[in-house]
Amino acid sequence: MPGAELRVLYRGDLASCNYSCHYCPFAKRNDSTDVTARDRDSLLRFVDWCETTHFGLRILFTPWGEALVRKHYRDAFLRLSHASNVIELGIQTNLSRDPAWLASANNDAVNLWCTYHPSQESRSRFLRRLEQLRQLRIRFSVGMVALREDLDEIRAMHLALGQLDHGSGQPIYLWLNAYDQRTPGYYSAQDVAMLSAVDPHFPVNLDPAPSLGARCRAGLSAISVDARGDARPCHFVQRPLGNLYDGSFEAQLSRSACPNARCDCYIGYALREDLPFEASLTRAFAPESQAIRAR
Ligand code: SF4
Ligand code: SF4
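Residues numbered from 1 in each chain as written. Chains lettered and ligands numbered in written order. Predicted model: local features only at pLDDT ≥ 70, side-chain atom pairs only at ≥ 80, totals over all residues. Heavy atoms only, no water.

1. Quick word on the packing of helix 3 (residues 123-135) against helix 4 (residues 151-164)
This is how it is decided: Fitting a line to C-alpha atoms yields each axis, with helices limited to the stretch in contact; the angle taken between N-to-C directions then spans 0 to 180 degrees. Each helix corresponds to a stretch of at least 4 residues labelled H or I by DSSP, and each strand to a stretch of at least 2 residues labelled E; elements are numbered beginning at the N terminus. By definition in this entry, angles of less than 35 degrees are roughly parallel, angles greater than 145 are roughly antiparallel, angles of 65 to 115 are roughly perpendicular, and the rest are oblique. Here a crossing is called left-handed whenever its near helix is offset anticlockwise from the far helix by less than a right angle, and right-handed whenever the offset is clockwise. Any two residues whose heavy atoms approach within 4.5 Å at even a single point are treated as in contact. The nonpolar class holds Ala, Val, Leu, Ile, Met, Phe, Trp, Tyr, Cys and Pro. Asp, Glu, Lys and Arg form the charged class, and all remaining residues, Gly among them, are polar.
Where helix 3 contacts helix 4, the two axes come as close as 11 Å, and the packing angle between them is 30°. As the angle between them shows, helix 3 and helix 4 are arranged roughly parallel. Crossing angle aside, the handedness with which helix 3 passes helix 4 is right-handed. In this structure, helix 3 contributes Arg123, Phe126, Leu127, Leu130, Glu131 and Arg134 to the contact, and helix 4 contributes Glu153, Ala156, Met157, Ala160, Leu161 and Leu164. Per-class residue counts for the contact of helix 3 with helix 4 are eight nonpolar, no polar and four charged.

Put into structure tokens, the structure is as follows:
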């Protein structure tokens, strides 16, 4: 039986993507052969550690860019899905890779974090990929950046997901990230109302509660890990917490209040313990709207 639970956000050296979303620094970037090889070696070391640690793990891969176009990430994901101490396993992906490779995954732990980018692919193709995931019994959520030019596409995707999950008894969560380069007044009140109707969590993403001093799992039962195994409390707090591979991080796990004024990214505030909702690390389900209204 695995021991205490540890949430791990892993980000290796990869920083490239096959898509070219206009707002993204990783658009159409390629990694060199050297960086790719180093990233592969680092990932293998991480997987080896995961398979042998005494912790029960909830793992979310948060690559800069798209990782599942790389075989070493697909292989690592499959291996980890079969590790008995991995409770939850997710990765952000644009789903550009045909998901047939997941046929050999142990789908008990897997929750894919699938992002739909209307400027890069057709809705019908993306929906076909989701249908494949359904047939493989792989759980997933779908996310979009709430760009104003995509409001109609958000409505259409919401409708399509409602049809896709019809009869399955498993609603598909469509989560929306507020556009982070927005100018004041970017969203009208009507836009916010529509987006909040689609994703009850949208108001939190748009205007997260101040985080300075917040009670948070980061650094206690959650860590961010880089390619070298160096640990930090989260992706947004750079305080060193030792290293995974020499075991030095364990002695440094302790509770400390958030030092940042704001924590406006889901992969951060999902670790907070002071918000009136429970957020899945892999964004697998929508927070309950009743809890949101209680804020
Ligand atoms: S799919 Fe994601 S990582 Fe790739 S360019 Fe678009 S936003 Fe960036
Ligand atoms: S609230 Fe966010 S920024 Fe602060 S410690 Fe937690 S995850 Fe990190």
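2. Some thoughts on the site of ligand 1
Convention followed: Any residue with a heavy atom lying within 4 Å of a molecule or strand is counted as near it.
In the vicinity of ligand 1, the residues found are Cys17, Tyr19, Cys21, Tyr23, Cys24, Ala27, Gly65, Asn94 and His117. Grouping the amino acids of the shell around ligand 1 by side-chain chemistry returns six nonpolar, three polar and no charged.

3. Regarding the confidence of the model for the protein chain
Where we set the bar: Per-residue confidence from the prediction method is given by pLDDT, with values spanning 0 to 100.
The predicted model of the protein chain averages 93 in pLDDT, with 95% of residues at 70 or higher. Across residues 289-295, where pLDDT falls below 50, the model places 13 contacts with residues more than four positions away in sequence or in other chains.

4. A closer look at the site of ligand 2
In the vicinity of ligand 2, the residues found are Cys216, Ala218, Cys234, Phe236, Val237, Cys258, Asn260, Cys263, Gly268 and Arg272. Partitioning the shell around ligand 2 into residue classes produces seven nonpolar, two polar and one charged.

5. Regarding the packing of helix 1 (residues 33-52) against helix 2 (residues 71-81)
Interaxial distance between helix 1 and helix 2 falls to 10 Å at its minimum, and their mutual angle equals 5°. Here helix 1 is positioned roughly parallel relative to helix 2, judged by the angle of their axes. Here helix 1 contributes Thr36, Asp39, Arg40, Leu43, Leu44, Val47, Asp48, Cys50 and Glu51 to the contact with helix 2, which in turn contributes His72, Tyr73, Ala76, Arg79 and Leu80. Of the residues belonging to the contact of helix 1 with helix 2, the class tally is seven nonpolar, two polar and five charged.

6. Points about the environment of Asn85
The condition is simple: For this analysis, a polar contact is any N or O atom pair within 3.5 Å, provided that within protein one partner can donate a hydrogen and the other can accept it, and provided that sequence-adjacent residues contribute only side-chain to side-chain pairs.
With respect to the helices, strands and loops of the structure, Asn85 is situated in the loop between helix 2 and strand 5 (86-93). In this structure the C-alpha to C-alpha distance between Asn85 and Phe55, which are 30 residues apart in sequence, comes to 7.0 Å. For Asn85, the side chain forms a polar contact with the main-chain oxygen of Cys50, separated by 2.9 Å.

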